[in-house]
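# Reading the structure
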Amino acid sequence: MTLPYAFEKQVALVAVRRACALTSSVFNRLVKNETLTKGDKSPVTVGDYSAQAVVNTILGRAFPADPIVGEEDAAEMRQESNSELKNRIIALANEALTAPLGPGETSDLGLGPGQERTPEELMDAIDRGGDQGGRTGRRWTLDPIDGTKGFLRGGQYAVCLALIVDGKVVLGLIGCPNLPVKSDEPNGRKGCIFVVVKGQGAEQVTLSGDRSVPLTIPPVVPGTLNFLESVEAAHADLAFNNRISELLNITRAPARMDSQAKYGCLARGDGGVYLRMPTGTGYREKIWDHASGSLLVEECGGIITDSRGKSLDFGLGRSLGENYGFIAAGKDVHGQVLAAVQQALAEIGRK
Ligand SMILES: Nc1ncnc2c1ncn2[C@@H]1O[C@H](COP(=O)(O)OS(=O)(=O)O)[C@@H](OP(=O)(O)O)[C@H]1O
Ligand SMILES: [Mg+2]
Ligand SMILES: [Mg+2]
Ligand SMILES: [Mg+2]
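No experiment lies behind these values; they were computed from the predicted model shown.

### Describing the coordination of the magnesium ion (ligand 4)
Looking at the metal site, the magnesium ion (ligand 4) is ligated by E71 (OE), D143 (OD) and I145 (O), spaced 2.0 to 2.2 Å from it. In primary sequence terms, the donor set of the magnesium ion (ligand 4) follows E-x71-D-x1-I. In this structure the magnesium ion (ligand 2) is found 3.5 Å away from the magnesium ion (ligand 4), and E71 serves as a bridging donor for the pair. No difference in accessibility class separates D143 from I145, as the two residues are buried.

### Remarks on the pairing of strand β7 (residues 190-197)
The buried fraction of β7 amounts to seven of the eight residues, a majority that puts the element mostly inside the structure. Both strand β6 (residues 168-180) and β7 contribute to a ladder of seven bridges, which runs antiparallel. Residue I174 lies in a different strand from β7, and its bridge partner there is F194. The sheet contact formed by β7 and strand β8 (residues 201-206) spans six bridges and is antiparallel.

### Remarks on the domain arrangement of the chain
Frequently, the measure chosen for interface size is the accessible area that the parts lose on association. Once the domains are mapped, the chain shows domain 1 (6-215) and domain 2 (227-347). With centres defined by C-alpha atoms, the gap from domain 1 to domain 2 works out at 24 Å. Tallying the contact residues gives 48 residues for domain 1 and 31 residues for domain 2. Of the roughly 2,800 Å² buried where domain 1 meets domain 2, counting both sides, 60% is carbon and sulfur surface. Counting the surface domain 1 buries against domain 2, the share from its top three residues, V169, I174 and L215, is 17%. At the surface where domain 1 touches domain 2, the tally comes to four salt bridges. At the boundary of domain 1 and domain 2, one finds 17 residue pairs in polar contact (both at pLDDT 80 or more).

### Some points on the sheet that holds strand β11 (residues 255-256)
An order of β11-β10-β12-β14-β13 is seen for the five strands of this open sheet, with the pairing classed as mixed. Of all the strands in the sheet, just β11 and β13 (302-306) have a single pairing partner and so form its edges. Judged from the four bridges that link them, strand β12 (residues 273-276) and strand β14 (residues 326-330) form a sheet pairing that is antiparallel. Counterpart to L275 in the pairing with β14 is I327. Most of the contacts of helix α6 (residues 238-247) go to strand β10 (residues 227-229), to which it runs at about 175°, and overall it touches β10, β11 and β12. Helix α8 (residues 291-299) contacts β13 and β14 of the sheet and is inclined by roughly 140° relative to β13.

### A few points about the packing of α6 against helix α9 (residues 331-347)
It is at 10 Å that the axes of α6 and α9 come closest, and there the two elements cross at 120°. Once α6 is placed against α9, the crossing between them reads as right-handed. Contacts between α6 and α9 pair F240, R243, I244 and L247 from the former with A340, V341, Q343, A344, L345 and E347 from the latter. Residues that form the contact of α6 with α9 fall into these classes: seven nonpolar, one polar and two charged.

### Quick notes on the layout of surface pockets
Looking at the largest pocket, its volume works out to about 810 Å³. Lining of the largest pocket is provided by 38 residues; of these, S42, H235, R276, Y283 and D289 occupy positions nearest its centre. Of all the secondary-structure elements, those providing two or more residues to the lining of the largest pocket are β4 (138-146), α5 (148-153) and β12. At three residues, the largest contribution of residues to the lining of the largest pocket is made by β4. Within the lining of the largest pocket, the residues separate by chemical class into 10 nonpolar, 14 polar and 14 charged. Per-domain counts for the lining of the largest pocket show at least three residues from each of domain 1 (6-215) and domain 2 (227-347). Space inside the second largest pocket adds up to approximately 260 Å³. R17, R18, A21, L22 and A99 are the residues nearest the centre of the second largest pocket, which is lined by 18 residues in total. For the lining of the second largest pocket, the secondary structure elements donating two or more residues are α1 (6-29) and α3 (83-97).

### Details of the nonpolar core
Among the nonpolar cores identified, the biggest contains 51 residues, and L59, W140, L161, L171 and L173 are the most heavily contacted of them. Only α1, α2 (46-62), α3, α4 (119-127), β4, β5 (158-165), β6 and β7 provide two or more residues apiece to this core. The contacts of L59, once residues within four sequence positions are left out, are V11, P64, I68, R128, W140 and L161. Within the second largest apolar cluster, 36 residues are counted, among which are V69, V169, C192 and L266.

### Some thoughts on the pattern of salt bridges
Working definition: two side chains of opposite charge can pair if their charged atoms are close together. All chains considered together, the criterion is met by 24 salt bridges. Between R78 and E120 there is a salt bridge, with the nearest N and O atoms lying 3.0 Å from each other. Placement of R78 in the loop between β3 (68-70) and α3 and of E120 in helix α4 is noted, with a sequence separation of 42 residues between them. Among the salt bridges present, the one from R153 reaches E232, with a minimum N-O distance of 2.4 Å. Taken together, the positions of R153 in helix α5 and E232 in the loop between β10 and α6 put the pair 79 residues apart, joining distant regions of the chain. Residue classification places R153 among the partly exposed positions, given a relative accessible area of 43%. Classification of E232 by relative accessible area gives buried; the value is 18%. The structure contains a network of salt bridges with shared partners spanning R78, E120, D124 and D127.

Conventions and cut-offs
Residues numbered from 1 in each chain as written. Chains lettered and ligands numbered in written order. Predicted model: local features only at pLDDT ≥ 70, side-chain atom pairs only at ≥ 80, totals over all residues. Heavy atoms only, no water. Donors = N, O, S within 2.8 Å, 3.2 Å for Na, K, Ca; no water. Buried < 20%, exposed > 50% of the residue type's maximum accessible area, 1.4 Å probe, protein only. Helix = DSSP H or I, 4+ residues; strand = E, 2+ residues; numbered from the N terminus. Pairing = 2+ DSSP bridges. Domains from an automatic or database assignment. Contact = heavy atoms within 4.5 Å. Buried area = accessible area lost by both parts, 1.4 Å probe. Salt bridge = Lys/Arg side-chain N within 4 Å of Asp/Glu carboxyl O. Polar contact = N/O pair within 3.5 Å; in protein donor to acceptor, adjacent residues only side chain to side chain. Axes fitted to C-alpha atoms, helices over the stretch in contact; angles between N-to-C directions. Left-handed = near helix turned anticlockwise from the far one by under 90°. Nonpolar A, V, L, I, M, F, W, Y, C, P; charged D, E, K, R; others polar. 1 Å grid on protein atoms, 1.4 Å probe; cavity = no way out; pocket = protein on both sides within 12 Å on 5 of 7 lines; lining within 4 Å. Points joined across faces, edges and corners; volume = space filled by probe spheres on them. Core = buried A, V, L, I, M, F, W, Y, C linked by side-chain atoms within 4.5 Å.

Here's what the structure looks like:
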């Protein structure tokens, strides 16, 4: 008997692996005018577009009926003035799709030499990410590069793909090309993918697929709790985290990194709590930024809630609606962090 979501997991791993290889190779060849600024002032690169084209092409072939909620869209790239960038995206996507078959890849996935797609097919693949999300049915959510600023800095970023059924995440992958495989060997081999299936646990696999380690969040040794937190002050209220550190007598320095790599690091015990409080701008968190990570935390024995202790709702559309401020931690510490967060919110007259 095959396990539930076995084929989805296989296809998602292939897609994330190919997208990770693409983004790593793009980083080394990225030139200045290949990064644009979106309407919300955030950066997007040819790497984000081409990775979304690759993942959506692979998903579209294996699961033609499944909608996709993807971060990017091709509207800008369809404009004549961006034809050079568009050509670059097409070349990069086709390079990734036509690379020789690797582990777990079969010819029916439409990959390998000779499997080039046309420019129109690739632009349409990017735009398959335009689903609006919702309460019922099954859909994928994709962040082709999570932590684009980290990617541009040569720091942490992640290719994040999750499957959501009736508003609940059932499969999640976080591909981290720049993350050391072993936390205690920061200068050792890099590149891992966190893979989680609801009810089946979680594992960390290497990008090349030669090594798999099961994951559970280890209990925090008293006195060693530390935060995993954002790099960008615009994305999370880091001063608030300092107040929580005071309340909980945390003395260890926070581990700062971009992207859902933070959830992967929590799952393998590199940090004790991921706290992401809003900065007060009314920004609504997006489902693709937390879907994989939330299931990873839960399957590894941890708890994730918003700052009021509510569970995250992935059935509201492209955003997480009224879920503000996220606390992800092992069972042994989540309660005390939530209590400290509520105390600190009360101090400043917020709920
Ligand atoms: N104002 C605000 N508040 C909260 N979150 C925001 C905000 N603006 C952007 N974003 C989203 O943050 C995503 C990256 O955040 P990270 O946790 O990776 O890291 S970091 O804050 O950049 O260090 C980033 O994901 P990517 O766009 O995929 O890089 C954004 O979706
Ligand atoms: Mg972005
Ligand atoms: Mg993101
Ligand atoms: Mg992104």
